[in-house]
Amino acid sequence: FLRWFSEQATRVQGRYGPNPEGTGRMIVSQHPVGPCFLITPWNFPLAMATRKIAPALAAGCTVVVKPASLTPLTTLFVAQLLQEAGVPDGVVNVITTKATGPVSEAIIRDPRLRKLSFTGSTPVGRSLLGLAAGGVLRTSMELGGNAPFVVLDDADLDAAVDGALAAKFRNIGQACTAANRFLVHRSVADEFARRVTERVSSFRTGRGTQDGVTIGPLIDEDAVAKADELVTDAVHRGATVRTGGSPLDRPGTFYAATVLSDVPADSRLMREEIFGPVLAIVPFDDEDEAVRLANDTEYGLVSYVYTQSLARGQRMIERLETGMMGLNVGVVSNAAAPFGGWKQSGLGREGGAEGIAEYLETKYTLTADPFA
């Protein structure tokens, strides 16, 4: 992110030319939006800090960064590195606190602030948008997700299984881009479930310092409890546990890597973001049903589709209501791409050529005809 936006800093463009009437010249220029308040989550503290700080600095803005109370040290280290690299004092400021609400509200209500960028849950994002409205702040909101992973009947199942494991278990499922609902065509659902279960059953869960560990602990006890609640609810409604399905009986916040099949549509798993190592499979009968199930959510961050048909892939690009899509790939994040969602998954984009625009204001100037 730092390298990408250092390059984008030289590509902040405007335009100059005659107005349609031929009576003057129009100048369109871009300017820093002003002081920014950046609120980052706990799950990718290095990436989340740099993906907000870098475009702000490239645009010419100063920032106050508030990292999550669970993972503040990485952001403090980033600020130290920036200082050592020559960023002037007062340009990048970090405030750590456990009193998140009062501190954020005080900063957002400060009349000097001009921009708010937040990554976190949708309910918190809605609250922050309400506060930001008072100062008519520019806002970027990267909020919750409920990503569908669609496996059509012509999919390469080996590739789909590899993609499913990457999309689900990256960071132990603790990612807004993690696949939440695995919608698999009924003709291949059993085979897909068999292959996924075989792979997941071989996972070794433990601390990252141990050799051979596949996935580690969840962030805290609340995360374990939520994963267990969602799995218990799905099983109560008729889902089948193929592997895992419970917390591990050992010290630490470990939840077993889990595969569920035949998950009912009314399960909480289908509506709520899991943020844990739970892969839930739902069968469908045709492409239209897959689209209906995939879009049946208030969220629209990312989707994943596996098909060997170019035409079907293109249709899914057009029909799925998400800001990002992985077509035959299980990980989509890239500093050079515009990251963000539709619907209740947020506003604005981070990364790509679009990312720096979130920190710029546009000014139009009309000058008199220099030849008059």
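Scope of this entry: the structure provided in the associated data block. Keep in mind it's a predicted model, so treat the numbers as computed, not measured.

**Structural notes on helix H4 (residues 100-108)**
Residues of H4 that are buried: Val-103, Ser-104, Ile-107 and Ile-108. Taken down its axis, H4 places every buried residue within 125 degrees of arc, on the same side. Along H4, exposed side chains directed more than 90 degrees from the buried face belong to Pro-102 and Ala-106. Those residues of H4 hidden inside the fold are in contact with strand E3 (36-39), strand E4 (63-66), strand E6 (115-119) and helix H5 (122-134).

**A look at the nonpolar core**
Grouped together as the largest cluster of nonpolar side chains are 62 residues, with contacts concentrated most on Phe-149, Val-150, Val-151, Phe-192 and Leu-269. A total of seven residues in this core trace back to one element, the largest contributor, which is helix H6 (residues 157-169). In this structure Phe-192 touches Val-151, Leu-157, Ala-160, Val-161, Ala-164, Phe-182, Val-184 and Ile-281, once residues within four positions along its chain are discounted. Formed by 20 residues, the second largest nonpolar core is a distinct cluster that contains Ile-53, Ala-54, Val-65 and Val-78.

**Considering the sheet that holds strand E2 (residues 24-32)**
As summarised here, the arrangement of the three strands in space is E1-E2-E18, forming an open sheet in which the pairing is antiparallel. Since the sheet does not close on itself, it has two edges, and those belong to strand E1 (15-18) and strand E18 (360-368), each with one partner. The sheet shows a mean angle of 20 degrees between the axes of neighbouring strands, direction not considered. Alignment of E1 against E2, held across four bridges, turns out to be antiparallel. Each bridged residue has a counterpart across the sheet, and for Gly-17 the counterpart in E2 is Met-26.

**With respect to the pairing of strand E9 (residues 179-185)**
With respect to burial, E9 is a largely interior element, seven of its seven residues being buried. Handedness of the crossover joining strand E8 (residues 147-151) and E9 through H6 is recorded here as right-handed.

**Overview of the packing of aromatic side chains**
One pass over the structure, following the stated rule, counts five aromatic pairs. Their ring planes at 85 degrees and their centres at 5.1 Å tell us that Phe-169 and Phe-203 sit as a pair that is edge-to-face. Here Phe-169, found in helix H6, pairs with Phe-203, found in the loop between helix H7 (186-201) and helix H8 (221-236); they are 34 residues apart in sequence, far enough to count as distant. Assessed through its relative accessible area of 7%, Phe-169 is described here as buried. Taken together, the ring pairs in this structure connect Phe-149, Phe-182, Tyr-304 and Tyr-306 into an aromatic cluster. Sitting over the face of the ring of Phe-339, Arg-51 holds its NZ or CZ atom 4.3 Å from the ring centroid. Above the ring of Phe-254, the side-chain terminus of Arg-250 is found at 5.3 Å from the ring centroid.

So, how was this worked out
- Residues numbered from 1 in each chain as written.
- Predicted model: local features only at pLDDT ≥ 70, side-chain atom pairs only at ≥ 80, totals over all residues.
- Heavy atoms only, no water.
- Buried < 20%, exposed > 50% of the residue type's maximum accessible area, 1.4 Å probe, protein only.
- Helix = DSSP H or I, 4+ residues; strand = E, 2+ residues; numbered from the N terminus.
- Arc of directions from axis to C-beta.
- Contact = heavy atoms within 4.5 Å.
- Core = buried A, V, L, I, M, F, W, Y, C linked by side-chain atoms within 4.5 Å.
- Pairing = 2+ DSSP bridges.
- Axes fitted to C-alpha atoms, helices over the stretch in contact; angles between N-to-C directions.
- Right-handed = clockwise from strand over helix to strand, strands pointing away.
- Phe/Tyr/Trp six-rings, centres within 6.5 Å; stacked < 30°, edge-to-face > 60°.
- Lys NZ or Arg CZ within 6 Å of the ring centre and 35° of its normal.

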